[in-house]
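# Structure at a glance
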Amino acid sequence: MARWLVLSVIGPSMLAIGSLGAMPGAAQSSAPATYTPPRTVDGHPDLQGVWQALNTAAWDIEDHNARLGVPAGRGVVEGGPLPYQPWALAKKQENARNRAALDLEGRCHLLGVPRMTYMPYPFQVVQQQDKVTILYEYLGAVRYLYMNGNPHPKGPIEWYLGDSRARWDGNTLVVDVVHFTDQTWFDRAGNFHSDALHVVERYTPTGPDHMRYEVTIEDPKVFTRPWTMSMPLYRRQDTQVEILEYECMAYLLEQEWDKADSPLFRPQ
Amino acid sequence: MSHRSFSVALKGATLVLSVLALARSPVAAQARFAPATPKLPMARTWTAYKATLPPYRPPRTPDGVPDLRGVWGGPGGAGGDDIEEHEYVDSTTPPQESFISDPPDGKIPYTPWALATRNEIRAGLARGWPGESGGRLYADPASYCVTTIGPRGGGGEITQQPGRVILMNARIHRVIRTDGSPPLGGGAQLWRGSSRGRWEGDSLVVSVTSLNGRHWFDSVGNFYSDSTRMVERWRLVDANTIDYEITIEDPTIYTRPWTMNYPLRRAGTGGTDAATGKYAWRTTVTADRDPYAREMWETTCNEGIGHTVEELHGLGFKWFKGVTPPR
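### Observations concerning the overall build of chain A
Secondary structure summary: chain A contains four helices and nine strands in total. Ordered by position in the sequence, the α and β elements of chain A form the string α-β-α-α-β-β-β-β-β-β-β-β-α. Expressed as a percentage of contacts within chain A between residues at least 6 apart in sequence, the contacts between residues at least 24 apart total 58%. As presented, chain A carries roughly 11400 Å² of accessible surface, and 55% of it is formed by carbon and sulfur atoms.

### Description of the state of the cysteines
Residue and element names in this part refer to chain A. Under the defined criterion, the tally for this structure stands at two disulfides over all chains. In this model, Cys108 is linked to Cys248 through a disulfide, with the two sulfur atoms separated by 2.0 Å. The chirality of the disulfide connecting Cys108 with Cys248 is left-handed, given an S-S dihedral of about -65°. Pair noted here: Cys108 is in the loop between helix H3 (99-102) and strand E2 (123-128) and Cys248 is in helix H4 (residues 248-256), with a separation of 140 residues, a long-range link.

### Quick look at the environment of Asp182 of chain A
All names here are of chain A. Structurally, Asp182 is set in the loop between strand E6 (172-178) and strand E7 (198-207). Taking the C-alpha atoms as reference points, Asp182 and Ser194, separated by twelve residues in sequence, lie 4.4 Å from one another. A distance of 2.7 Å separates polar atoms of two side chains, one belonging to Asp182 and the other to Gln183.

### Description of the pattern of salt bridges
Scanning all chains against the criterion turns up 36 salt bridges over all chains. Where Asp67 of chain B meets Arg69 of chain B, a salt bridge forms, and the shortest distance between an N and an O atom there is 2.9 Å. The residue Arg233 of chain B makes a salt bridge to Glu200 of chain B at a minimum N-O spacing of 3.2 Å. Placement of the pair is Arg233 of chain B in strand E8 (residues 229-238) and Glu200 of chain B in strand E6 (residues 194-200), with a sequence separation of 33 residues. Overall, Arg233 of chain B belongs to the partly exposed group, its relative accessible area being 29%. Overlapping salt bridges bring together Arg99, Asp103, Glu105, Arg115 and Arg188 of chain A as one network.

### A look at the environment of Asp82 of chain B
All names here are of chain B. As for its placement among the helices and strands, Asp82 is situated in the loop between strand E1 (70-72) and strand E2 (100-102). Here Asp82 falls in the buried class, since its relative accessible area comes to 3%. For the pair Asp82 and Pro95, spaced 13 residues apart in the sequence, the C-alpha separation amounts to 9.9 Å. Once residues within four sequence positions are removed from consideration, Asp82 is found in contact with Gln96, Phe99, Arg122, Asp218, Val220 and Asn222. For Asp82, the side chain forms a polar contact with the main-chain nitrogen of Glu84, separated by 3.0 Å. For Asp82, the side chain forms a polar contact with the side chain of Arg122, separated by 2.8 Å.

### Some points on the side chain of Ser230 of chain A
All names here are of chain A. Within the fold, Ser230 resides in strand E9 (residues 227-235). Classification of Ser230 as buried rests on a relative accessible area of 10%. A polar contact of 2.8 Å, which involves the side chain of Ser230, links it to the side chain of Arg212.

### A short note on the sheet that holds strand E5 (residues 163-169) of chain A
Residues and elements named next belong to chain A. The nine strands lie next to each other as E1-E2-E3-E4-E5-E6-E7-E8-E9, forming a closed barrel whose pairing is mixed. Strand after strand, the sheet turns through a mean of 30° between neighbouring axes, direction not considered. Pairing of strand E1 (residues 49-53) with E9 involves three bridges; the strand directions are antiparallel. Residue Ala53 lies in a different strand from E9, and its bridge partner there is Leu233.

### What about the interface of chain B and chain A?
In this complex, chain B contributes 46 residues to the contact, which on the side of chain A involves 49 residues. For the chain B and chain A pair, buried surface summed over both sides reaches about 4000 Å², with 54% attributable to carbon and sulfur atoms. Where chain B packs against chain A, one counts five salt bridges. Across the pair Arg165 of chain A and Glu295 of chain B runs a salt bridge whose closest N-O atoms are separated by 2.8 Å. For the side of chain B that touches chain A, the secondary-structure elements that each account for two or more residues are strand E3 (156-161), strand E4 (164-168), strand E5 (173-177), helix H5 (301-304) and helix H6 (306-314) of chain B. Looking at which element gives the most residues to the side of chain B that touches chain A, the answer is H6 of chain B, with four residues. Residue classes in the side of chain B that touches chain A are distributed as 22 nonpolar, nine polar and 15 charged.

Quick notes on the rules
- Residues numbered from 1 in each chain as written.
- Chains lettered and ligands numbered in written order.
- Predicted model: local features only at pLDDT ≥ 70, side-chain atom pairs only at ≥ 80, totals over all residues.
- Heavy atoms only, no water.
- Helix = DSSP H or I, 4+ residues; strand = E, 2+ residues; numbered from the N terminus.
- Contact = heavy atoms within 4.5 Å.
- Areas by Shrake-Rupley, 256 points an atom, 1.4 Å probe, with all protein chains shown as cover.
- Disulfide = S-S within 2.5 Å.
- Polar contact = N/O pair within 3.5 Å; in protein donor to acceptor, adjacent residues only side chain to side chain.
- Salt bridge = Lys/Arg side-chain N within 4 Å of Asp/Glu carboxyl O.
- Buried < 20%, exposed > 50% of the residue type's maximum accessible area, 1.4 Å probe, protein only.
- Pairing = 2+ DSSP bridges.
- Axes fitted to C-alpha atoms, helices over the stretch in contact; angles between N-to-C directions.
- Buried area = accessible area lost by both parts, 1.4 Å probe.
- Nonpolar A, V, L, I, M, F, W, Y, C, P; charged D, E, K, R; others polar.

Below you can see the structure in the form of structure tokens.
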């Protein structure tokens, strides 16, 4: 896609978000402005339905090779390697080595934003006048993206999914997310962030059954500059598709309950 | 200490945030009751009161079905601590009428072995209640933050789209398709079952099948099985009250179908009315001037139960795998 078109689409909105600063040289991809999505009764683009990512970002958001049980994959990060500060790169590598013990996926916790989006489970978008709600199959989580005029509540707050405030920028749903814990990762490869994480998600319909999902990550405690990931989201076409359930904690407890030395029951 | 208390005994920062989240939710934090509390009204008072209501035609959504949209409280009273009628037990378990409108005695019509099983579970709850065995058997599955069946989901928001009714609160979502699509089949089972709705006059009628039989109706071990079927009826009886009725059928554990019936009140339109003996509903958020009062904030349930799980496991409670009828 032509760079000039991309910049013309995202430029002004990035300014409007503010506080992101310059995005030096990040190769942005964005939606063609040609598709006009249907509207909800409130007059906004209608993103409702059951969606899912179809990529390997849940394993690793960067390029990675295959290994037992893991498909090889192209990364979803725009531009070069993740701009870790030196200490943070070392910690990322340590995370990867100790993933079994450290990744909260193994404890069935909420996995943060944007990771919940590209877990291999569907999610349903529900729109109302005052908010957009995402119903995740994973853990049965509910995430409210408020557009009721309230700013982010005053912190300090540490939530696993952060606090989400949304607005429309043309056909794009723009979500500003802050107030995160430092406990969650971006993937199973140990890519991580701090509690200073600031996420801006952009959901842009590119056709009746596709959205472009772009995420800007800003975390001055961990990275040297903001960076962006981008991927398509697909509307599930299965005629019987619906959000079922993945009750992770129940399956985990049932598996571990009668084991003599399960780490799950040791004080942390 | 009750297990419900365990389940909110969260860690560190999470505790503060969870309390905040509860305060923001239309479902008020758990009340504490004095021994002299009058018996809280439930099915008996509600069915008598309901009989006096004038006919009401609910408003319709743009696609012409009854409009149930809004934020609604849960069953009210002391919640689902024990759905059968009981006297005062402790400060979180005040005297309360049965949730059950049929049979008329308000008791679950268990078969004899199933009643014995329920009594065994109840005697092993180790809540410091009269009649306990002194041992520990199962903790309430709700202690583990597992999603639950309709009646225990608590209050929340209902929104509607053509072909579906969507329920959601801070922790749980439930999409009820009303488009005639077939329910989950093939022996697959879910914690919250598979829900399919249809409109009958002014009522939303929801059939719940494919349950895994692993949850309870309340915190004292009243159970169902993986062959149980439930039918819920939701009907507006005035602008701010839903008449909620659920009929439970399972010949393997009950001698006959039985029904719970109670009102759900629209958030901001009422409070618990134990003093007058009228029907009960939840006290709602009073912080009208707080612009965040109607937002539903993260409860991080799984993340906060580490201590609960360690404690219940360490105390020797077993993992409840459902009840299997004798052959």
